[in-house]
Amino acid sequence: MFWSMKILAALSLLAGFGVEGKTFTKKAVMDITSCPFTYYGEIYNTLHVVQSLVDDRLVRKFTYKKADLSGVVVADLSGCRFSDIVLEDSATFLDPRICSNLFCDQDAIPHIESTCGPLGQCDGHGSCLVNATCTIAASTVIDYYGGVHAAPDRCAYSLFSSYWFPGFQVLGVFRERRRLDVSLLDHVILQLSHKGPLITLEQGGRVLLDGSELAVNSTSLDVYGVELYKDETGVTASVTMYVHNITVFFDGNTAQIFLEGIEPVTGLCSEGNFTLDFNPQFSEAGCEVQYEEAKDRTIDCEDAADWCNLLLEAPFTSCHDLVDPQPFISACNMTLCSYPSVDDIKCQFMEAYTRVCEQQGDIVEDSWRLDTVCPAVPEAFCQDLHCSHHEFCGERFVDGGKFCLCRALFSSKYSLEQTFGEPTQCEHNTAQVTLARCLLDGKNIDFHMLHLNDETCRGVLDNQTHMVTFGFDSSNTCGTVVTMKDNQIVYKNSIMTRNMSKSETIFHHNNLDVDLSCFLTQPSVRAMTFNVQQNPEYYLFSAGEWQYSLSMMLFTDPERKHMYKSNAGIELNQKLWVELKSSGLDDKLTSVVTKDCWATDQPASNASLRYDIIINGCPNPDDPTVQITGNGLGTSNYFSFQGFQFVGGTLDIFLHCLVDLCDKASGDCAPSCDQKSRVTRSVKSYYNEPNLVTITFIH
């Protein structure tokens, strides 16, 4: 009993080394004969069982044989005390109240290992909850752990996804704005499952569902379980998924993903990297190509650092214990040292930091707004101003107004050519030119002030692409002037700035004069053989920027409904009709004139055996059977004659015609012939070498 008591006394004394609320203790090796005793032991036959208690909690048991207690017994009573948890050495305990493994090693050194990640907070019942914010501001991503990464290109990347909800992810798409070498966040995509649907949050507060615009306002709108809400600060999308509450906020420049739930998550917001989180499905071809540009001389990195360090000062200091400002300062420096401080970009980082503080329970006073150029109240930049794919919303330098400006990649090709859009398109009876409104706005030119020669002909704006189209056609020439230059018909018009009225004293917009002209060039003389044994063909002429077709067909009736077929045969003195017809010419501006027609017994138009049918636009005065109708009046005409055969020649007849084009604006295009079929008024021809067409008769 004495040994037992001494052992128990030693064990009882060990409890004094555990300090309440501490996670450490001491290692004690004690001679049981030197300690006062308390009796806790029981003796069963020849065994002594001794219990070690700390605050009435059993730590361990010692069992001794009576024979072992004949001398001094020393017991190692080492252990660890974690507040109200006592462990012997080399023991482990999972404490659900703090979501941690408690471990006392062999040297009685205590260890605590949290089962939650760095973002987790224990709910007191063994579950780890996350309450964190990922910020995507300008070209940077501030992840949930405070890491800062810069977007390397203009591609789409996964920002957030979760093992707990496969198929759901939030993506960020980066694109260039003013500079080719810096990409900023452009829009955010919520993919609700592997195959959609897709909710897209765009600049200007625009929200799309699978490409179609949604009417989102201050009243919450439920779309496939996602609550959408829009106010003057931006658009908010909230969704609850099993173990996650996710809120995505986007103001057109900055996105923040607030997470309440259980780890783990993946994506750039969770210590991801751009290589692993690249998403080709939502990336444009060539988005990974990187460009270099000369440094913007307006950028001063020291000034940028001074601005970013404002986050270290009051009133932001009130939030420092809850939210570390350093990642936001790093992201701010990273952006403003490579991109100009325009479009409220420098204010993004202050706004983002205050929103995170509010999420964590601290309201940063608005006094910082009074000392900066940032808006007096939180508001989304360019709210409700929607731009096309090749534009972004920004500030125009000349007046500070918010406009849709051209992206650097889009404008670069036009800058090299010093144009405002695409070249003039000339086709058939129409001509048009398309200009980019953002290129005009960039030069302070208001497209509403532009018109053609006729001031009533103005540009038409495409509300989706923001391209402005000017044009004219045969139904509305818009003051087009038709002239002849060298061997060309020139259809000339211009896009110009509206004439100022006498009552207007000043104007604010630059002038513009863009040429809108088309050139119709006479092709070289060419022979076209129409074999009437087959269906007649239309032959296409390329005339400068225009194209038109010209055909010559043989008919056996005056209404020209029955085309000649070789198997029908041609009788001598049979009356035949030949129609020359063009397509693709404007009959208000141009006429087709049949200048000369003749027949040969060989395919060559210059064969030695020749018979003239039309001479200089008039019937052969020696052949009374020839009649011409509509020559020079429009884009088609026809003539008739009676069948014949060459004396001593072959049965085949080849009919050739020289067809000319005439400018109606220069005067009457119809040849005038006297009763003897001699020309009494010549017609001014456009060209030195009219079109030659040939038709073949096979008897």
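Scroll up to find the structure this text is about.
As the structure is a prediction and not an experimental result, all values here were calculated from the model.

J.: In this structure, what is going on with the pattern of salt bridges? I would like to understand it.
T.: As a working rule, side chains carrying opposite charge can pair if their charged atoms are close by. Under the criterion given, the structure shown has 15 salt bridges. For Lys230, the salt bridge is made with Asp384, and the minimal N-O distance between the two is 2.6 Å. With Lys230 in strand E22 (residues 226-231) and Asp384 in the loop between helix H5 (367-370) and strand E27 (391-395), the pair connects residues that are 154 residues apart, well separated along the chain. A network of salt bridges, in which partner residues are shared, links Asp84, Asp95 and Arg97.

J.: Is there a simple way to think about the environment of Phe472 in this case?
T.: Its location among the elements puts Phe472 in strand E33 (residues 467-472). Relative accessible area serves as the criterion here: at 6%, Phe472 is assigned to the buried category. As for Phe472 and Leu452, which are separated by 20 residues in sequence, their C-alpha atoms are 8.9 Å apart.

J.: Explain the nonpolar core here, please?
T.: General note: in soluble globular proteins, nonpolar side chains tend to be found buried as a group. Ranked by size, the top nonpolar core spans 43 residues in total, and within it Ile136, Tyr144, Leu190, Ile199 and Ile257 carry the most contacts. Counting 31 residues, the second-largest nonpolar core is a separate cluster that includes Cys426, Ile445, Cys478 and Val482.

J.: What exactly am I supposed to notice about the packing of helix H3 (residues 326-336) against helix H4 (residues 348-359) here?
T.: Packing of H3 against H4 brings their axes to within 10 Å, and their N-to-C directions diverge by 160°. Between H3 and H4, the interaxial angle falls into the category roughly antiparallel. Read as a crossing pair, H3 and H4 show a hand that is right-handed. Judged by residue contacts, Phe328, Ala331, Cys332 and Thr335 of H3 engage Phe349, Ala352, Tyr353 and Val356 from H4. Looking at the contact of H3 with H4 residue by residue, the classes come out as 7 nonpolar, 1 polar and no charged.

J.: For this particular structure, what's the right way to read the pairing of strand E12 (residues 128-137)?
T.: For a regular strand, side-chain orientation follows a simple rule: the groups alternate between the two sheet faces. By the criterion of burial, E12 is predominantly enclosed, with 8 of the 10 residues buried. The pairing of strand E11 (residues 120-122) with E12 spans 3 bridges and is classified as antiparallel. Counterpart to Gly120 in the pairing with E12 is Val130. Counted along the chain from E11 to the antiparallel partner E12, the turn is 5 residues long, and its residue Gly124 has a positive phi close to 85°. In this sheet, strand E25 (residues 254-261) lies alongside E12 in antiparallel orientation, the contact comprising 8 bridges. Looking at the pairing, Thr135 lines up with Gln256 of E25. Here 3 bridges tie E12 to strand E13 (residues 140-142), and the two strands are oriented antiparallel to one another. Its bridge partner being in E13, Ile136 is matched across the sheet by Val141. Hairpin connection, E12 to E13: the antiparallel pair is bridged by 2 residues, and Ala138 has positive phi, about 55°.

J.: Help me out: how do you make sense of the sheet that holds strand E8 (residues 91-95) in this one?
T.: The strands making up a sheet associate through hydrogen bonds between their backbones, and the pairing can be parallel or antiparallel. Ordered in space as E8-E9-E10, the 3 strands form an open sheet in which the pairing is antiparallel. Edge positions in the open sheet fall to E8 and strand E10 (110-114), since each of these has one partner strand only. On average, each strand axis in the sheet is tilted by 20° relative to the strand beside it, whichever way the strands run. In the sheet, strand E9 (residues 100-104) pairs with E10 via 5 bridges, with the strands oriented antiparallel. Pairing of Phe103 across the sheet is with His111, part of E10.

Conventions and cut-offs
Sequence order sets the numbering: in each chain, residues are counted from 1 along the sequence as written. pLDDT decides what is reported in this predicted model: residues at 70 or higher carry local features, side-chain atom pairs at 80 or more are listed and counted, and totals for whole chains, interfaces and linings draw on all residues regardless. Excluded from the side-chain calculation are hydrogens and water; included are all heavy atoms of the structure. Counted as salt bridges are all cases of a side-chain nitrogen of Lys or Arg within 4 Å of a carboxyl oxygen of Asp or Glu. A run of H or I in DSSP becomes a helix once it reaches four residues, and a run of E becomes a strand once it reaches two; helices and strands are each numbered from the N terminus. Three labels apply to residues, based on accessible area from a 1.4 Å probe with only protein chains included: buried if under 20% of the type maximum, exposed if over 50%, partly exposed otherwise in between. In this text, buried Ala, Val, Leu, Ile, Met, Phe, Trp, Tyr and Cys residues form a nonpolar core when linked through side-chain atoms within 4.5 Å. To define axes, lines are fitted to C-alpha atoms, for helices over the stretch in contact only, and angles between the resulting N-to-C directions are given on a 0 to 180 degree scale. Angles below 35 degrees are treated as roughly parallel, those above 145 as roughly antiparallel, those between 65 and 115 as roughly perpendicular, and all remaining angles as oblique. Definitions for this section: a left-handed crossing has its near helix turned counterclockwise from the far helix by less than a right angle. A right-handed crossing has that turn clockwise. Working rule for contacts: check all heavy atoms of both residues, and any pair within 4.5 Å makes them a contact. Gly falls in the polar group here, along with every residue not listed as nonpolar (Ala, Val, Leu, Ile, Met, Phe, Trp, Tyr, Cys, Pro) or charged (Asp, Glu, Lys, Arg). DSSP calls a pair of strands paired once it identifies at least 2 bridges connecting them.

No statement about biological role is implied by the geometric values presented.
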